[in-house]
Structures are given as C-alpha cells and as structure tokens.
Amino acid sequence: MEFLSLLDVSFFLLAGFGALVGIIFGAIPGMTATMAVAVCLPLTYALGLHHGLALLLGLYVGGISGGMVPAVLLNIPGTPSSITTTFDGYPMARKGEGERALRVSVIASVIGGLISAAVLFLFAPLLADFSIKFSYVEKFLIILLALSVIASLSSNMLVGIFSGVIGIWLSLIGTYSISDGGNGHTRLMFDFMEPYLFEGFSLLPVLIGIFGISTILLESEKGVKNELSDERVKLGKGSHFSFSIFKGRLTNLVRSSFIGTFVGMLPGVGGSAASVLAYTQEKNLSRDSSEMGKGAPQGLIASESANNALTGGALIPLLSLGIPGDSTTAVLIGAFTLQGIQVGPLFIPENTDTWYIMMTALVFANFVMFFVMFYAIKHIAKVVMVPKHILYPLIVMMCVVGGYAINYGIMFDVWTLLIFGVLGYLIQKIGLEVAPLIIGFILGSQAEVYFVKSLESAGTLSIFFTKSPIAVVLWLLIVASVVFSIVLSLKSRAKRRQNSSADPDPV
Amino acid sequence: MESGLTSLLSVSIDFETSHLFFPRIIHWIMAVLFVIILATKTIPFLAAVKRGERTLPILGESMDGFRFFGTLALIVAYFYLMAVVGNLFPYTGYGFLFVSMVFVLLMSLMYMHEWTKKGVIIVVINAIVAPSLVWFILAKLFKITLP
Amino acid sequence: MSMSSIYKTLGTSVLVAGMAFGSAAAMAADGPLRGNVRVVIGSTSTGGDTYQNSSIVVDALAEKLDLNMKVDAVGASSAFRTLDRDSRGNTLMIFHDQSYLGYLYGVEGYEDIFEKYTIGPTVAINPGNAYLVPKDSPYQTLGDVIEAAGNGQEVRVAIQPGGVSEIGFSALKNAVAIEHPGMEDNLVAVNTGSQADKNQQLFDDQADMINGTVQANEQYTRLPADDQKAMRFLWLTARNSTIEQAPEEGLGQTTREQLLEYVEPNVSVTMGGDENFTFDKEFFFLYNKDMDPAIVEQIDEALSEIYAEGDIQETQKNSFFIPNFKPSDEASEYLAEKMSRYEGIIDNIK
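This structure is a prediction, so every number in the text was calculated from the model and none was measured. (Residues numbered from 1 in each chain as written. Chains lettered and ligands numbered in written order. Predicted model: local features only at pLDDT ≥ 70, side-chain atom pairs only at ≥ 80, totals over all residues.)

A. Spatial organisation of the overall build of chain A. Regarding its fold elements, chain A presents 24 helices and 2 strands. On C-alpha atoms alone, chain A measures out to a radius of gyration of 22 Å, which is about the 23 Å that the 2.2 N^0.38 rule sets for 507 residues. Principal-axis analysis of the C-alpha atoms places the extent of chain A at approximately 70 × 60 × 50 Å. Burial status across chain A gives 66% buried among its 507 residues. Relative to all contacts within chain A whose residues are 6 or more apart in sequence, the contacts with residues 24 or more apart total 78%. (Helix = DSSP H or I, 4+ residues; strand = E, 2+ residues; numbered from the N terminus. Rg over C-alpha atoms; globule rule 2.2 N^0.38 Å. Buried ≥ 20, exposed ≤ 12 C-beta atoms within 10 Å, placed from the backbone. Contact = placed C-beta atoms within 7 Å.)

B. Local environment of the overall build of chain B. Looking only at helices and strands, chain B features 5 helices and 0 strands. When the elements of chain B are put in sequence order from the N terminus, they spell out α-α-α-α-α. Taken over the C-alpha trace, chain B has a radius of gyration of 27 Å; the compact-globule value for 147 residues is 15 Å, which it surpasses by more than 25%. With respect to the three principal axes, the spread of C-alpha positions in chain B is 80 × 50 × 25 Å. For chain B, the residues scored as buried account for 27% of the 147 residues in total. For chain B, long-range pairs separated by at least 24 residues make up 43% of all intrachain contacts whose partners lie at least 6 apart in sequence.

C. Seen up close, the UniProt feature "transmembrane region" (unreviewed entry) in chain B. All names here are of chain B. In the numbering used here, UniProt assigns the feature "transmembrane region" (unreviewed entry) to residues 25-47, 68-88, 94-112 and 119-138. What you have in residues 25-47 is 100% helix and 0% strand, and the ends, taken at the C-alpha atoms, are 32 Å apart. Taken end to end, residues 94-112 is 95% helix and 0% strand, and its two terminal C-alpha atoms sit 27 Å from one another. (UniProt positions renumbered as here; feature names shortened; annotations may be inferred.)

D. Structural context of the nonpolar core. Formed by 314 residues in total, the largest nonpolar core has its most connected members in Ala15(A), Val37(A), Leu57(A), Ile143(A) and Met93(C). Considering every element that reaches this core, the biggest residue donor is helix α7 (residues 98-131) of chain A, with 15 residues. Setting aside its immediate chain neighbours within four residues, Val37(A) contacts Leu56(A), Leu59(A), Tyr60(A), Thr328(A), Val331(A) and Leu332(A). (Core = buried A, V, L, I, M, F, W, Y, C linked by C-beta atoms within 7 Å.)

E. Up close: the domain arrangement of chain B. As assigned here, chain B comprises domain 1 (2-50) and domain 2 (65-141). Each of domain 1 of chain B and domain 2 of chain B has a C-alpha centre, and the two are 45 Å apart. (Domains from an automatic or database assignment.)

F. Representation of helix α2 (residues 33-40) of chain A in the model. All names here are of chain A. Counting buried positions along α2 gives 8 out of 8 residues, so the element sits mostly inside the fold. Buried within α2 we find Ala33, Thr34, Met35, Ala36, Val37, Ala38, Val39 and Cys40. Taken together, the buried residues of α2 touch α1 (9-27), α3 (43-47), α4 (49-66), α17 (327-338) and α20 (388-406).

G. Structural detail: the sheet that holds strand β6 (residues 155-159) of chain C. Residue and element names in this part refer to chain C. Ordered in space as β7-β6-β8-β5-β9, the 5 strands form an open sheet in which the pairing is mixed. Strands at the two margins of the open sheet, each flanked by one partner only, are β7 (187-191) and β9 (231-236). Here the strands of the sheet are splayed against their neighbours by 35° on average, with no regard to which way each runs. By the bridge criterion, 5 bridges tie β6 to β7 in an arrangement that is parallel. Across the sheet, residue valine 157 finds its bridge partner in β7, namely alanine 189. On the sheet, helix α8 (residues 195-203) packs against β5 (129-134), β6, β7, β8 (209-213) and β9 and is oriented at approximately 150° with respect to β8. (Pairing = 2+ DSSP bridges. Axes fitted to C-alpha atoms, helices over the stretch in contact; angles between N-to-C directions.)

H. Region of the structure containing the interface of chain B and chain A. At the junction of the two partners, chain B supplies 54 residues and chain A supplies 53 residues. Sorting the residues of the side of chain B that touches chain A by element identifies α1 (2-9), α2 (21-50), α3 (65-88), α4 (94-111) and α5 (117-141) of chain B as the ones contributing at least two each. Across the side of chain B that touches chain A, the residue classes break down as 38 nonpolar, 11 polar and 5 charged. (Nonpolar A, V, L, I, M, F, W, Y, C, P; charged D, E, K, R; others polar.)

I. Structural detail: the confidence of the model for chain A. Residues and elements named next belong to chain A. Considering every residue of chain A, the mean pLDDT works out to 87; 95% of them sit at 70 or more. Within the model, the stretch residues 229-238 combines pLDDT values under 50 with 13 contacts to residues more than four positions away or in other chains. Overall, residues 501-507 carries pLDDT values under 50, and its contacts beyond four positions in sequence, including any with other chains, amount to 16 contacts. (pLDDT = per-residue confidence, 0-100.)

J. Spotlight on the packing of helix α7 (residues 164-179) of chain C against helix α14 (residues 328-348) of chain C. Residues and elements named next belong to chain C. It is at 9 Å that the axes of α7 and α14 come closest, and there the two elements cross at 60°. Classified by the angle their axes make, α7 and α14 are oblique. Pair α7 / α14 crosses with left-handed handedness. For the pair α7 and α14, the contacting residues are Ile167, Ser170, Ala171, Asn174 and Ala177 in the first and Tyr342, Ile345, Ile346 and Asn348 in the second. Of the residues that constitute the contact of α7 with α14, the class distribution is 6 nonpolar, 3 polar and no charged. (Parallel < 35°, antiparallel > 145°, perpendicular 65-115°, else oblique. Left-handed = near helix turned anticlockwise from the far one by under 90°.)

Written out as structure tokens, the structure reads:
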C-alpha cells in the first residue's frame with residue numbers, strides 16, 4: 001500500500017473541488033463534463049500527475065452527474081448522456097416532484113458510478129480483452145439495439161419510427177468523415193452550405209436547441225405566463241422522497257449500471273448510447289414499464305445509473321488499451337501525455353501507484369458528488385421558482401455559451417441552436433416525436449460508419465448474422481426488443497379503444 | 001439455392017461513392033414511411049379539418065404573436081450582433097458580454113406581464129450581473145473563447 | 001430571489017478557482033501583434049499531438065510577446081475558415097503536413113496552402129509515425145512485405161485515408177511499383193478511422209499491417225507474443241537524423257537505439273533512383289495571406305529568441321517531440337519542396 005503515502009489532504013480537496021465544479025458545469029445547459037475537463041487540463045501541468053488526475057476525475061464524475069439537473073427541471077439535457085433523464089424527470093418535475101426526481105437520480109448516479117468503479121478496478125484488463133471482440137459488426141448491432149428503443153418510446157409507433165429516421169437523416173448531413181475512415185465527401189446539402197455544414201450539425205447544439213430553445217418558443221407562443229411554476233411548488237409539498245422508491249428496483253439499478261459500464265467501455269460507441277440502451281432494456285424487461293416516459297422513477301434509475309456508470313466503463317479501454325471510451329476520456333489522455341506517461345495495455349502493471357490513486361479519486365469523487373448533490377437538491381430544485389422572464393433569457397444565454405464553446409468557438413454552432421429550436425417547435429406542432437428523432441440523431445452517424453464499414457470488409461449482408469456468437473446474442477436482444485414494443489403498443493391500443501376517449505395524434 | 005441466397009446478400013461498396021450508400025437506404029425508408037403516414041394519418045386528419053372537427057397546427061391555433069415573433073427576432077438579432085460586435089474586439093468575449101446584457105434585458109422586459117418598479121429593477125440588475133458573471137468565469141478564469 | 005443561491009455557489013467557486021488559477025492578464029504589447037490572439041489548430045482533439053505541441057509553443061510565445069494567446073481545437077475545416085476571415089493577425093493557425101497532403105489526396109475542404117496562405121515557421125516534428133504488424137506475423141521486415149506484394153500476395157494495410165496516415169502506404173505502394181512493376185495493387189488499403197479502429201482491424205484479422213504511432217503503440221509491442229494484442233514495429237517513416245535527436249531513453253521501454261532499427265537506412269522504401277522515402281510529421285504556423293508582414297517577422301523573431309534560450313527544446317523532447325524551428329521563409333521553401341516530392345509519389349501510383 002505504498003500509494004497511500006501519495007495521498008494528502010490537498011488530493012482529496014482537489015477531487016472534491018473537481019466534483020463540485022463538474023456538477024456546476026454539468027448543470028448549466030450546454031456545458032459538459034468534456035468541456036470542464038478540457039478547460040482544466042492545463043492546470044495539471046502545475047499540479048503534477050496525481051493531483052491533476054484527482055481534479056480531472058472529480059470534474060468527470062461531477063460533470064456527468066450534473067447533467068441531470070437541467071434535464072429534470074428544465075427538460076434540457078445538461079450533457080448528451082442525460083437525454084433519457086428528461087423522458088421521466090421532466091414529467092415528474094411538472095407534477096411537482098422535481099426534488100424527488102433529483103434525489104432518485106442522485107442515488108442512482110452514485111450507485112452506477114461505484115459499480116462501474118468496482119468493475120474497472122477488478123476486471124479492467126479482462127474486459128479490455130473482451131471489448132476487442134467487438135468489431136464493426138457487433139458495434140452496429142449494439143447501435144441497432146439502442147435504436148430499437150424508438151419503437152417502444154414513441155406514442156405512435158409509425159410516427160415515432162418516422163421521426164427516428166428523420167433524426168438519422170439529419171445526422172448524416174456533412175462529410176462522411178475521414179476520421180471515421182470515410183471518404184470525406186459531403187452529401188445531403190447544397191454547395192453553398194458547405195462552409196457551414198462541412199462537419200454536419202454537432203450534437204450538443206442540436207440537443208440544447210431542440211430541447212431548450214424550442215421549449216422557450218413554445219412558451220412564448222403561450223405568452224410566458226408564470227402561474228405554472230407556482231402550481232409546481234405547491235404540488236411539491238405533497239410528494240416526499242423516500243428510499244422505498246428503490247424497492248424492487250435493484251435489478252434495474254444493477255443491470256443499468258452494468259450496461260453503462262459495458263457501453264462506456266466500447267470505444268466509439270460510448271456516451272449517450274449507454275443511457276439509451278439501459279432505458280431500452282428497462283422498458284423491455286420490466287413488468288410495469290408502461291408508465292415510463294410519463295414520469296416513472298424507474299426510468300430515471302435506468303438512465304442515471306447507466307450514465308454515471310459510463311465513467312468507470314470509459315476508463316477501461318483508456319487504461320488498458322490506451323484508447324478513450326468517450327469524448328471526456330479522450331481529453332483525459334492529454335493529462336497523461338502532458339506528463340509524459342503513456343497509456344496502453346501496460347499502463348496498469350507499470351504505473352500501479354497511479355492506478356490506485358485514480359481509483360481512490362474516482363470513488364471519492366462519487367461520494368462527494370453524492371453528498372453535494374443530495375443535500376443541495378432542495379436549493380437547486382428552486383430553479384423552477386425563478387420567474388420565467390428572468391429564467392428564460394438566462395437559459396438562452398447559457399445555451400449560446402455552451403453551443404459556442406463545445407467545439408472551441410464556432411459561430412455556426414450557435415446558429416444551429418436556432419435552427420433546431422425552430423425545427424423542434426415545428427416537429428412538436430405537426431405531431432412528430434422529439435425523443436425518437438433525437439435518439440436517431442445521436443446514433444445515426446455511428447450506425448452508418450459501422451454498417452458501411454462492416455459491409456465494405458465483408459462484402460455480404462450475411463456477416464451481420466454469422467460474424468460471432470456475440471452477434472447472435474445481440475440479434476436475439478434486438479428481436480426481443482422489437483417484439484416487445486409491438487406487443488406493448490397493441491396492448492395500449494386495445495386499452496385506448498376501451499376507454500375510447502383518447503385523442504388520436506394530429507398528423 | 002444456397003448460392004442464390006449468397007448472391008442476394010452480397011454487397012459491394014465502392015469507396016469513392018460509399019458516402020452515399022447509407023443515405024440512400026435512409027431515403028428509401030423515409031419515403032416509404034412518409035407515404036404510409038400520409039395515407040393513414042395525414043389524409044384522414046385533413047379530412048377532419050375540412051369537416052371542421054380539427055384545426056391545422058400553428059395556422060389554426062391562437063398564439064401570443066407579439067411574444068412569439070418577438071422572441072424569434074430577438075434571438076436572431078442576438079446571434080447576429082454578437083458576432084458583429086465580437087469582431088470589433090477580437091477574442092475578448094466583449095461581443096458576448098455587451099450584446100447579452102441588452103438581450104437579457106429586452107427579453108426579460110418582453111416576457112414581464114406587469115412592469116412594476118421593483119420588477120424592472122430586478123430585471124436590470126439581472127441583465128447586468130448575469131452576463132458579467134458568466135463572462136468573468138468562463139472567458140477570464142477558464143479562458144474559454146467567447147464571441 | 002432564488003437565483004441568489006446559485007450566484008452564491010458560483011461566487012464561492014469563483015473565489016476558489018481564482019486562487020487556484022492566479023490571474024494572467026496581459027496588456028497590449030508594443031509590437032504589431034496586439035490584443036488577444038487565438039491560435040486555431042487543424043485537430044478537434046485536445047488530447048492529441050497537434051494540441052499538445054501547439055500549446056507548448058503558444059504558451060512560450062504568449063509569455064515572450066506578453067500577449068493573451070489561446071489554442072482552440074476547432075478542426076481543419078473550421079480552422080481554415082476562421083483564418084480566412086481574419087487578416088488582422090488575431091487569428092493564427094498551427095497544423096502539420098496534413099494541410100497539404102489533404103490537398104494532394106484531393107480531400108474536400110483542402111486547398112493549396114502555398115497559394116492561399118502565408119506559411120509561417122515550423123516548430124517541431126512528431127517522429128512517431130509508424131507501421132506495425134501482429135507479433136506473430138510472417139513479415140519480419142518491411143522488405144518481406146514489399147517482396148510478398150511483389151510476388152502476388154495480397155497485403156492489407158489499415159490506414160486513415162487522405163493524409164498523414166496514408167502517405168507511408170502510398171510510398172510503399174510506389175516502392176512495390178518500382179521494384180515489381182504491375183504488382184502494386186496487391187497492397188490494399190483498408191480505410192478506417194481512429195487509432196482504435198486501426199488496432200481493431202489488426203485484432204480482427206482484417207488487416208495484415210496497420211499505420212500507428214510510437215506513442216500509441218509502443219506498449220503493444222512489449223506484450224507477450226501469445227497475447228492477441230501483441231504487435232511489432234516494422235517501420236518508422238521518420239528520417240534517421242530525426243530519431244537521432246530523440247532522448248536517449250526513447251519512449252516507454254523502447255530506447256532510441258531500438259527505434260533507430262526501424263528507420264532508414266535499416267528499413268528502406270525506395271522512391272526511385274537511390275533516394276529513399278522518409279516522412280516527418282512537422283508542425284508549422286499558417287497565416288492569413290493579407291496579414292501584416294511585420295507580424296510574420298515579429299513571430300519569427302520571438303520564436304528565434306525562444307529557441308535560442310533552449311528551454312522549449314527540453315519541454316518538447318520530454319513530450320517526445322523533436323524541436324525543429326525554421327523561420328517563415330526557410331519553412332515555406334522547405335515545405336514546398338517536401339510537398340512536391342510527395343506529389344510525385346501520389347501521382348505515380350494513381
């Protein structure tokens with residue numbers, strides 16, 4: 001236990017401080033964990049490797065967790081991976097259960113984070129060897145599985161799938177990127193758009209545009225009245241949080257944490273796919289999933305435990321293959337190279353002290369995150385009490401900052417906010433569905449690369465079935481997911497017919 | 001039989017045109033779904049509109065036109081002027097700082113239903129303090145490039 | 001007002017952050033370059049070599065010139081566009097050979113940098129560009145690969161198309177064409193993306209050889225042979241004289257002496273005649289064409305002083321970069337000549 005001598009008070013202070021700053025970054029719509037790590041990266045020069053890592057891992061954990069706050073309270077995912085948190089979090093907040101939703105999310109987060117840290121600690125090299133069994137084919141099937149949630153998520157399956165396909169289409173705009181091994185040609189646009197859309201629309205501005213700006217447009221159309229927020233607060237008194245929410249949710253919690261860890265560990269897939277996949281599986285496997293999407297705590301549990309489990313998962317390939325599992329760990333690599341430390345398959349055996357230090361920081365940051373969030377929630381939840389005429393301009397301003405800063409200062413990303421704000425408004429007006437569209441957008445470009453690259457090397461569609469036993473298992477899951485959502489939709493249709501009061505969608 | 005299936009499944013992708021391969025598939029799926037939705041949803045819906053049972057989205061709804069179009073106009077002006085002003089003071093973030101102050105102030109005033117003295121003061125203070133704070137933390141402390 | 005609680009939290013963090021960061025406000029300096037300067041780079045990664053190298057150079061430059069300078073990883077297409085719009089000198093760019101290789105390979109979004117921009121000074125070399133095979137590969141040397149392709153055997157090489165990752169492959173193909181005319185198509189490019197993707201192609205047995213880097217792949221070469229992930233260097237494209245300047249301890253557990261085994265003349269890829277192909281990935285500045293020439297001079301001068309002091313070389317070498325300062329004029333001529341040589345290769349194998 002030689003590494004213990006390397007730990008000092010300032011080490012823990014930095015990890016805690018990191019978690020705190022990370023939470024603030026994550027909680028501001030448009031600011032992400034990646035950004036938090038990137039802006040603090042230069043500090044690691046001065047701090048030295050171990051203290052620098054404490055700070056950065058704190059930021060990472062805090063940033064991923066902080067994303068739940070605007071997702072629940074404002075319906076804007078603070079980070080792309082908290083997208084599924086909005087599905088149940090915001091409906092709960094509207095029912096006056098914002099505080100309760102946040103508490104559920106925090107607990108799910110810390111458990112997800114700790115489970116993934118444990119998995120990282122115990123099985124990193126082993127899992128890294130497993131993760132390289134996943135080639136383009138298997139990765140495509142994982143994306144397909146995540147996409148299959150669209151069917152069960154949409155209130156009208158046909159419209160939902162159509163919206164999802166539009167999302168995929170939107171994600172293909174731009175070049176077929178060379179950095180993914182594409183040929184670098186642009187498509188789906190006119191020549192004059194090329195200077196702006198060369199790299200396509202970037203994810204974060206699209207997300208905050210479609211959630212943040214379009215919400216404001218919808219509200220402005222209704223005259224921005226303040227009554228609703230008072231109503232919310234009053235209702236908030238009625239529903240108290242208790243740990244009994246977690247009763248019978250252990251399977252969900254553990255399953256989602258493992259899914260998060262696992263998806264995080266696949267290079268390239270990472271990020272938002274984790275929470276989407278966990279959400280899909282809860283929706284498919286749980287017996288009482290019909291309320292999901294309308295404000296069910298189990299949706300929050302799935303989403304938040306999975307997205308925090310990402311942290312440990314994404315560190316697996318980083319530390320045992322030298323390959324980042326998601327965008328934040330890609331920045332984290334910089335911290336190592338700045339110090340002249342290589343990450344690769346021999347990192348853990350050759351840097352045992354650093355490895356233990358990182359684990360300590362990771363676990364500690366999770367606890368700090370938990371205590372800070374759990375006790376600050378009461379105050380954070382009051383954001384909904386801020387009068388809208390104060391809150392909304394500030395949201396727009398923060399969206400601008402986030403959009404502009406995500407790619408280190410590109411003005412078109414700010415315009416993307418408006419484009420997708422208006423698009424989000426129109427979509428909701430004509431009865432298309434936002435959630436499937438955005439999931440299509442998030443996963444679309446990966447689906448393309450993995451699909452095309454699989455075919456390019458194999459030359460036959462049969463590769464998707466015959467590649468490996470893993471592929472077969474994934475197919476079974478996909479089929480189960482699709483069958484399930486069909487059954488579910490038939491059931492709900494039958495129910496609706498019985499009630500015969502529900503309005504059909506205006507499309 | 002076997003070889004028939006194999007040739008049916010075989011696909012060869014030319015690298016030079018591979019950027020169009022996946023979009024083409026998506027276009028087909030989109031077109032088919034669109035036609036189905038048109039037939040099963042949109043046409044019955046339009047018929048209902050004609051019979052007066054339903055109203056068209058956006059066009060047929062009542063809306064607060066002043067606040068809606070005001071919001072759109074303000075956002076467009078905000079985004080545009082931010083870049084213009086920012087260009088006068090390259091990479092200082094002043095474009096963001098000053099234009100945000102004006103934007104936050106105007107949008108707050110537009111959304112405020114009753115202009116009380118206290119309300120306006122809060123709005124003005126907020127419009128000055130919030131952008132300054134954001135600018136100071138992000139542009140100065142964290143050295144994030146702002147317009 | 002309830003915003004106040006948020007402000008309070010923010011305020012506290014500002015205080016703490018302020019203590020941690022210190023303040024570095026610089027006032028306008030005397031030279032023609034003034035105000036805040038933004039250095040955009042052709043990569044979107046802040047963990048990659050372009051960013052790392054740029055921040056070393058820009059930090060030193062900012063201190064020397066007493067200016068606020070900031071590196072922004074906006075990516076190639078955005079960086080070029082941002083540079084196009086600003087001739088005041090507040091926007092500078094740092095990129096590497098990709099800037100003209102992209103043009104030579106006809107990648108969309110790349111134009112002739114020698115025509116469209118002013119070429120600034122070169123600052124460093126990343127000597128790590130490498131080609132690797134699985135440890136149990138039948139190919140013991142790069143000569144074996146050329147021989148095998150020349151004898152009609154297909155050799156698949158995983159690369160990222162359209163630039164730095166492809167140039168070594170093109171040179172190899174060219175060498176096969178020279179030594180075994182007509183057989184060059186046996187060398188097949190497997191077009192793929194990131195280093196992770198390239199490694200994966202090797203693990204999946206979809207490629208026989210991959211492009212990689214010393215930095216990213218060195219640990220893989222030290223894995224035991226029975227590990228599926230184990231690799232072996234066959235070739236470093238850097239010049240012998242470049243690797244000579246690397247720190248003696250090399251990188252990781254691979255010493256400079258070991259690295260030298262993989263560069264010319266020990267490994268040679270002919271370009272025709274008695275010339276051998278080499279490729280050093282060099283980082284250099286790019287300026288807007290209409291920028292005040294006085295600024296070009298000012299930066300040249302400042303960098304000359306910085307390199308004369310000698311501290312920056314240490315920092316660069318610690319991060320496995322080879323210092324390589326050439327003032328603008330010299331750099332421009334040198335890079336133009338470099339480009340024309342590679343143009344020949346790429347034309348040859350078309």
